[in-house]
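Per-entry structural report
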Amino acid sequence: MRTGDTNENRDVTGNVKVIIIATVIVATFIVVICTYFLCSRASKYSGKINQENQVKVEDLPIFEFKNILIATNNFDLANKIGQGGFGSVYKGELPDGLEIAVKRLSKTSGQGLEEFMNEVIVISKLQHRNLVRLLGCCVEGEEKMLVYEYMSNNSLDFYLFDPIQKQVLDWQKRSYIIEGISRGLLYLHRDSRLRIIHRDLKLSNILLDGDLNPKISDFGMAKIFGGTENEGNTRRIMGTYGYMSPEYAMGGLFSEKSDVFSFGVMLLEIISGKKNTSFYNHEEAISLLGYVWKLWKEGETVSLIDSEIYNPNNVDHVLRCIHIGLLCVQETAKERPTMTKVVSMLNNDIDKFPCPCQPAFVERQIEDRGESSQQIRVLSSLNDVTVTSLHGR
């Protein structure tokens, strides 16, 4: 090989190395710059969110942590009245004798923090006799707490599914509770200054005061709609299995009609005294909705009525409510009534109801239930789907 060729090859090799090194340096520089700007922007955004959240908290009456400690007797276990994914709820009493419920966020709950702030933003703007009243909050260091009016008669499921306690709830009281829940829900959807979808309606979130007045609680998952919005979509499907509408459980789509579905499930539970998540035919895996539909088709709907409330004098009223319940749990959202229409039907303002079709989630089969995850195969009248990672509350 000639010397000139060798030198030329070395020059080419050197140039390639220079180009590679230069490319790596430029690429690294670009990555560093982009990372810096992204982190800076994320930091500013996070700061903005924190500022907004802080403003919302400061809009509420503030309770000092030391006073809450005194009120709850240092969060004595004897005063613990509830537990959820967010943390614990304690009963307390202020120096003036006012009884309170303190919702204390767990320090290890990242999910709970988001729900805490959401609940502050949502419920601080609401006021209705059928919604639980937020009295204030406490934010000191790592402690974050919401302070509510205390509801002395616990939650509706505490009464309804206990063979002794349920005797307190005759049909007159149950009818009154149904109407109260419907009015509170109508307020959220149409009558408040914000349009709000609750997204986690269930009997354990219906609290009862000393006179058994029902009040909707737990707005950690609620969504605010503005302007002409009437539905939303999320990939983070959270709720309680048995109360979620099919479009939300399967595709994350929620609207007023999602809450209507949950209301329908509660209505049928209140009338029957049975849980929707129980099985009423083990061979066919029929849920409460499937059981109601079976009775409806056979003309035996009367047998659904809880024996504690059965009375020939009120059967027609109860059957009317069962009909409304079935309309609320229709598989497609467009077939369900709005809460405006539901309230009108409950008040006898509408005489003729449409005939219901087969409701959603008529049959279910649970394939696998592990400690860390739960997979549920939902058999609806339209499709077989698999819903995973449902977070119960």
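Every value quoted in this text rests on a predicted model; they were computed, and no experiment measured them. (Residues numbered from 1 in each chain as written. Predicted model: local features only at pLDDT ≥ 70, side-chain atom pairs only at ≥ 80, totals over all residues. Heavy atoms only, no water.)

**Examining the overall build of the protein chain**
When helices and strands are tallied, the protein chain shows 10 helices and 14 strands. When contacts within the protein chain are restricted to residue pairs at least 6 apart in sequence, those whose partners lie at least 24 apart make up 63%. For the protein chain, the computed accessible surface area is about 20,600 Å², with 50% contributed by carbon and sulfur atoms. (Helix = DSSP H or I, 4+ residues; strand = E, 2+ residues; numbered from the N terminus. Contact = heavy atoms within 4.5 Å. Areas by Shrake-Rupley, 256 points an atom, 1.4 Å probe, with all protein chains shown as cover.)

**Things to note about the nonpolar core**
The biggest cluster of nonpolar side chains holds 83 residues, and the ones touching the most others in it are Leu156, Phe219 and Phe263. The element contributing the most residues to this core is helix α7 (residues 256-272), with nine residues. Setting aside residues up to four positions removed in sequence, Phe219 forms contacts with Asn118, Glu119, Val122, Ile123, Leu126, Leu131, Leu188 and His198. Ranked by size, the runner-up nonpolar core spans 13 residues in total, among them Ile68, Val102, Met145 and Val147. (Core = buried A, V, L, I, M, F, W, Y, C linked by side-chain atoms within 4.5 Å. Buried < 20%, exposed > 50% of the residue type's maximum accessible area, 1.4 Å probe, protein only.)

**A few points about the sheet that holds strand β4 (residues 134-140)**
Sheet architecture is open: five strands sit in the order β1-β2-β3-β5-β4, paired in antiparallel fashion. If you trace the sheet from one side to the other, it starts and ends with β1 (80-84) and β4, each paired once. Each strand axis lies, on average, 20° off the axis of its neighbour in the sheet, ignoring direction. Pairing of β4 with strand β5 (residues 143-149) involves six bridges; the strand directions are antiparallel. Bridge assignment links Cys137 to a residue of β5, and that residue is Leu146. (Pairing = 2+ DSSP bridges. Axes fitted to C-alpha atoms, helices over the stretch in contact; angles between N-to-C directions.)

**Describing helix α10 (residues 339-346)**
One full turn of an α-helix is made of 3.6 residues, so residues set three or four places apart face in the same direction. Looking only at α10, the buried set comprises Met339, Val342, Val343, Met345 and Leu346. Buried residues in α10, looked at end-on, bunch into an arc of 160°, giving them a common side. Next to the buried residues of α10 lie α5 (171-191), α7 and α9 (315-328). In the stretch just after α10, Asn348 is the one whose phi turns positive, near 65°. (Arc of directions from axis to C-beta.)

**Regarding unusual backbone geometry**
Positive phi is not limited to glycine here, since Asn73 has a value of about 55°. For Asn73, the location among the structural elements is in the loop between α2 (65-71) and β1. When its relative accessible area of 45% is taken as the criterion, Asn73 is described as partly exposed. The phi torsion at Asp218 lies on the positive side, around 60°, for a residue other than glycine. With respect to the element layout, Asp218 can be found in the loop between β8 (214-216) and β9 (223-225). Since its relative accessible area comes to 10%, Asp218 is described here as buried.

**A look at the side chain of Thr72**
Here Thr72 is to be found in the loop between α2 and β1. According to the relative accessible area criterion, Thr72 is buried, its value standing at 0%. Of note is the side chain of Thr72, whose polar atom sits 3.1 Å from the backbone nitrogen of Phe75. Filtering out sequence-adjacent residues up to four positions away, Thr72 remains in contact with Asn79, Tyr90, Lys91, Gly92 and Val102. (Polar contact = N/O pair within 3.5 Å; in protein donor to acceptor, adjacent residues only side chain to side chain.)

**Describing the environment of Leu77**
Structurally, Leu77 can be placed in the loop between α2 and β1. The spacing of Leu77 and Tyr90 is 13 residues in sequence and 8.2 Å in space, taken between C-alpha atoms.

**Describing α5**
Its 21 residues place the ends of α5 28 Å apart at the C-alpha level, agreeing with the 30 Å of an ideal helix rising 1.5 Å per residue. Sitting at the amino-terminal end of α5 is Asp170, which places a side-chain oxygen 3.3 Å from the backbone nitrogen of Gln172. (Expected span 1.5 Å × (residues − 1).)

**Focus on the side chain of Ser258**
Positionally, Ser258 belongs in helix α7. On the accessibility criterion, Ser258 (7% relative accessible area) is buried. A polar contact is formed between the side chain of Ser258 and the backbone nitrogen of Ser255, at a distance of 2.9 Å. Excluding residues within four positions of it along the chain, Ser258 makes contact with Ser245, Glu247, Leu253 and Arg336.

**What to know about the pattern of salt bridges**
Proximity of charged atoms lets side chains of opposite charge pair with each other. As enumerated under the stated definition, the model contains 13 salt bridges in all. Lys103 is the partner of Asp218 in a salt bridge, and the nearest nitrogen-oxygen pair spans 3.6 Å. Of this pair, Asp218 sits in the loop between β8 and β9 while Lys103 sits in strand β3 (residues 99-105), and the two are 115 residues apart along the sequence. Each member of the pair, Asp218 together with Lys103, is buried. When salt bridges that share partners are traced, they join Lys166, Arg174 and Asp306 into one network. (Salt bridge = Lys/Arg side-chain N within 4 Å of Asp/Glu carboxyl O.)

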